[in-house]
Amino acid sequence: DTAVSQTPKYLVTQMGNDKSIKCEQNLGHDTMYWYKQDSKKFLKIMFSYNNKELIINETVPNRFSPKSPDKAHLNLHINSLELGDSAVYFCASSQGGLANHHYEQYFGPGTRLTVT
Amino acid sequence: KNQVEQSPQSLIILEGKNCTLQCNYTVSPFSNLRWYKQDTGRGPVSLTIMTFSENTKSNRRYTATLDADTKQSSLHITASQLSDSASYICVVSRMDSNYQLIWGAGTKLIIKP
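In this report, we go over the structure that sits alongside the text.

**Section: the sheet that holds strand 3 (residues 19-25) of chain A**
All names here are of chain A.
Thinking step 1. If you walk across this open sheet you meet the 4 strands as 1-3-8-7, and the pairing is antiparallel. Edge positions in the sheet fall to strand 1 (4-7) and strand 7 (64-70), since each has one partner strand and no second. Each strand axis lies, on average, 20° off the axis of its neighbour in the sheet, ignoring direction.
Thinking step 2. In this structure, strand 7 lies alongside strand 8 (residues 73-78), joined through 5 bridges in antiparallel fashion. Across the sheet, lysine 67 pairs through a bridge with asparagine 75, a residue of strand 8.

Printed below as a string of structure tokens:
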């Protein structure tokens, strides 16, 4: 009965590899997000999808590509991984987009990515 | 520059005591301010969302205040419990075309028995 789930929870890989992180929400929300939390603990939004359409891309390198097969899933694919990609990646969802003042974002447990 | 600054960076208090966390922001134009609780190894969980017209909002033992004139917010925790140990993050939403969220670095709170 987990609301927002992510897999895997931990991911260790080498530079240059391609990897994917999966996210699913069972809340019936129409907007999903990907965030990156760096070592200083700041969360930075990477992407937002509303009804399967990209509505935010915060100058993320094009090595990162979100894929939303349906509104309950938003996967993150990363090509040619670099050391600086090491971080915790959080998926989140909400009912309504960011313009809805009272929306709440529900976050997944995070995926800790380590690039060696 | 749109920024959210929180203080203190970390705080240790004894179980049962109260504490207040601070958030100052320079985000403009302002849409709303949120407080999140993030347990170690978990995703953030929303505590409160406050718009411009709201000065105080409570959620169980958490009380958030907002002074939109001075651009300050506080989160007061009453009768702390061990489970309150977490990072508390202040987030301000900017009223632009994307309603950009500006995240603070958080205050790490440790409750000791």
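**Focus on the packing of aromatic side chains**
Residue and element names in this part refer to chain B.
Thinking step 1. Counted by the stated rule, this structure contains 10 aromatic pairs over all chains.
Thinking step 2. Seen from their ring centres, tyrosine 36 and tryptophan 103 are 5.1 Å apart, and the 25° between their planes marks the pair as stacked. Of this pair, tyrosine 36 sits in strand 4 (residues 30-38) while tryptophan 103 sits in strand 10 (residues 101-103), and the two are 67 residues apart along the sequence.
Thinking step 3. The buried category is assigned to tryptophan 103, whose relative accessible area is 5%.
Thinking step 4. Where tyrosine 62 meets tyrosine 88, the ring centres are 6.1 Å apart and the plane angle is 50°; that geometry is what we call tilted. You can see tyrosine 62 sitting in strand 7 (residues 62-67) and its partner tyrosine 88 sitting in strand 9 (residues 86-94), a full 26 residues away along the chain. The residues tyrosine 62 and tyrosine 88 share a single accessibility class, namely buried.
Thinking step 5. Between arginine 61 and the ring centre of tyrosine 62, over which it is positioned, the NZ or CZ distance is 5.8 Å.

**Observations concerning the pattern of salt bridges**
Thinking step 1. The final tally for this structure, using the stated rule, is 4 salt bridges over all chains.
Thinking step 2. Of the charged contacts, one joins arginine 63 of chain A and glutamate 82 of chain A as a salt bridge, the two residues approaching to 3.4 Å between their closest N and O atoms. With arginine 63 of chain A in the loop between strand 6 (53-57) and strand 7 and glutamate 82 of chain A in the loop between strand 8 and strand 9 (87-94), this pair connects stretches of sequence that are 19 residues apart.
Thinking step 3. Residue classification places glutamate 82 of chain A among the partly exposed residues on the basis of a relative accessible area of 41%.
Thinking step 4. Notably, a salt bridge pairs lysine 57 of chain B with glutamate 54 of chain B, separated by 3.4 Å at the nearest N-O pair.
Thinking step 5. Here lysine 57 of chain B falls in the partly exposed class, since its relative accessible area comes to 25%.
Thinking step 6. Within the structure, one salt-bridge network assembled from shared partners comprises Arg63, Glu82 and Asp85 of chain A.

Reading guide: rules and limits
Within each chain, residue numbers correspond to sequence positions counted from 1 in written order. Working convention: letters from A go to chains and numbers from 1 go to ligands, in the order in which they are written. Where totals are concerned, whole chains, interfaces and linings use all residues; where local detail is concerned, this predicted model gives features only for residues with pLDDT of at least 70, and gives and counts side-chain atom pairs only at 80 or more. Excluded from the side-chain calculation are hydrogens and water; included are all heavy atoms of the structure. DSSP calls a pair of strands paired once it identifies at least 2 bridges connecting them. Helix and strand assignments come from DSSP, with helices taken as H or I runs of at least 4 residues and strands as E runs of at least 2, each series counted from the N terminus. Each axis is a line fitted through C-alpha atoms, taken for helices only over the stretch in contact, and angles between the N-to-C directions span 0 to 180 degrees. Paired rings are identified among Phe, Tyr and Trp, the last through its six-membered ring, by centres lying within 6.5 Å, and are further divided according to the angle between planes into stacked (under 30 degrees), edge-to-face (over 60) and tilted (the rest). Note on exposure labels: buried denotes an accessible area under 20% of the residue type's maximum, exposed denotes more than 50%, and partly exposed covers the range between, all computed with a 1.4 Å probe on protein chains only. Criterion for a charge above a ring: Arg CZ or Lys NZ at most 6 Å from the ring centre, at most 35 degrees from the ring normal. Between Lys or Arg on one side and Asp or Glu on the other, a salt bridge is scored when a side-chain nitrogen of the former is within 4 Å of a carboxyl oxygen of the latter.

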